[in-house]
Amino acid sequence: MSGPILIFDSGVGGLSVAAAIRRRLPTAALAYVCDNAMLPYGTKPDAWLVARIVAVCRAAVAAARPSALVVACNTASTLALAALREALSVPVVGTVPAIKPAAALSHSGHIALLATSATIDRPYTLGLIRDFAAGCRVHRLAADALVVQAERHLAGAPLDREVIAACLAPLWEDPELDTLVLGCTHFPLLRDALNRAAPRPVTWVDSGEAIARRVAQVVPAPQIIEGPGPAWVTAEAPGLAAALAGVGFAAPQCLDPSEAVSR
């Protein structure tokens, strides 16, 4: 297919990946889909999630007819990439927590992975740590509340600085910690607030630029952008429409994942 690059996430986190793709491919046509009806993914059973992710992405691919699908969600990527690649005929680009670059950037060898509960203990995540950060001390910290903060932030609500500080507090017990992996695509949307909550300078690392590089390889001649990109949601979300419009997407349409079953 020669359509737009389709970005999928459970919520608004994929907008951080969309921004990285726009920086690398400024004229590329993009589309966006989020399964906001089932946010957060981290509380759902694995088998159910795989089926749901495949259904939503199949319906979105049928609607958008994209050149590639970008799974801009760590939970979905660590769980459902194989199933998506089997179910879909378009290339699928996943999201990997940036453990490898964080280990290379750290001067102290003390790094942290800030992610959701659904990502933090996945065998895939543990394999990344084993393969690329074996010589580091890696603090894995679940911070599901930050997903809610990012969703509220892009909907125009104020951030709760106490919640953000509480999420990060366990990290500062290690005085040598110098590099933090933002292992959820929602978290880069809070970069300024995270910096303010840090008691000392640290390096924040996310996967956005690496994903964008991979997309440029997979789609070397993307469709040229012509106006706002199409967007889909699985539940009405007036606040989300404003967030999407702010980064170049049209008012979202409602997507029914069950439509993919008959295709």
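Residues numbered from 1 in each chain as written. Predicted model: local features only at pLDDT ≥ 70, side-chain atom pairs only at ≥ 80, totals over all residues. Heavy atoms only, no water.

With an unreviewed UniProt entry as reference, the protein is termed Glutamate racemase, source organism Bisbaumannia pacifica. Under the UniProt heading Sequence similarities (unreviewed entry), the note attached to the protein is "Belongs to the aspartate/glutamate racemases family." As stated in UniProt under Pathway (unreviewed entry), the record for the protein gives "Cell wall biogenesis; peptidoglycan biosynthesis." (UniProt positions renumbered as here; feature names shortened; annotations may be inferred.)

Chemist: Tell me about the nonpolar core, and name the residues and values.
Modeler: In terms of nonpolar packing, the biggest core is built from 27 residues, with Ile 5, Ile 7, Ile 21, Tyr 32, Val 70, Val 215 and Phe 249 touching the most fellow members. Residue assignment for this core shows that the elements contributing at least two residues are β1 (5–9), α1 (14–24), β2 (30–34), β3 (68–71), α10 (208–218), β9 (231–233) and α11 (238–245). Looking at this core element by element, the count peaks at 5 residues for α1. In this structure Ile 5 touches Leu 25, Ala 28, Ala 29, Leu 30, Ala 31, Ser 67, Ala 68, Val 70, Val 215, Val 219 and Pro 222, once residues within four positions along its chain are discounted. Core analysis: the next-biggest nonpolar cluster, separate from the first, contains 26 residues, Leu 6, Ala 76, Leu 84 and Trp 232 among them. (Core = buried A, V, L, I, M, F, W, Y, C linked by side-chain atoms within 4.5 Å. Buried < 20%, exposed > 50% of the residue type's maximum accessible area, 1.4 Å probe, protein only. Helix = DSSP H or I, 4+ residues; strand = E, 2+ residues; numbered from the N terminus. Contact = heavy atoms within 4.5 Å.)

Chemist: Provide a residue-level description of the sheet that holds β2, including the pertinent values.
Modeler: If you trace the 6 strands from one edge of the open sheet to the other, you get β4-β3-β1-β2-β9-β10, paired in parallel fashion. The sheet is open, and its two edges are formed by β4 (92–93) and β10 (253–254), each paired on a single side. By the bridge criterion, 2 bridges tie β9 to β10 in an arrangement that is parallel. Bridged to Trp 232 within β10 is Gln 253. Most of the contacts of α1 go to β2, to which it runs at about 170°, and overall it touches β1, β2 and β3. (Pairing = 2+ DSSP bridges. Axes fitted to C-alpha atoms, helices over the stretch in contact; angles between N-to-C directions.)

Chemist: I'd like a description of the packing of helix α7 (residues 145–154) against helix α8 (residues 161–168), backed by residues and values.
Modeler: The N-to-C vectors of α7 and α8 enclose an angle of 150°; their axes lie 10 Å apart at closest approach. Taken as axis vectors, α7 and α8 run roughly antiparallel relative to one another. Along this stretch, α7 crosses α8, giving a crossing that reads as left-handed. Across the interface between the two elements, Ala 145, Leu 146 and Gln 149 of α7 pack against Val 163, Ile 164 and Cys 167 of α8. (Parallel < 35°, antiparallel > 145°, perpendicular 65-115°, else oblique. Left-handed = near helix turned anticlockwise from the far one by under 90°.)

Chemist: Could you give an account of the pairing of β3, naming the residues involved and the relevant values?
Modeler: Along β3, one buried face is formed by Ala 68 and Val 70 and the opposite face, lined by Leu 69 and Val 71, is buried too. Where β1 meets β3, 4 bridges bridge the pair, whose relative direction is parallel. What sits directly across from Ile 5, in β3, is Ala 68. Pairing between β3 and β4: 2 bridges, direction parallel.

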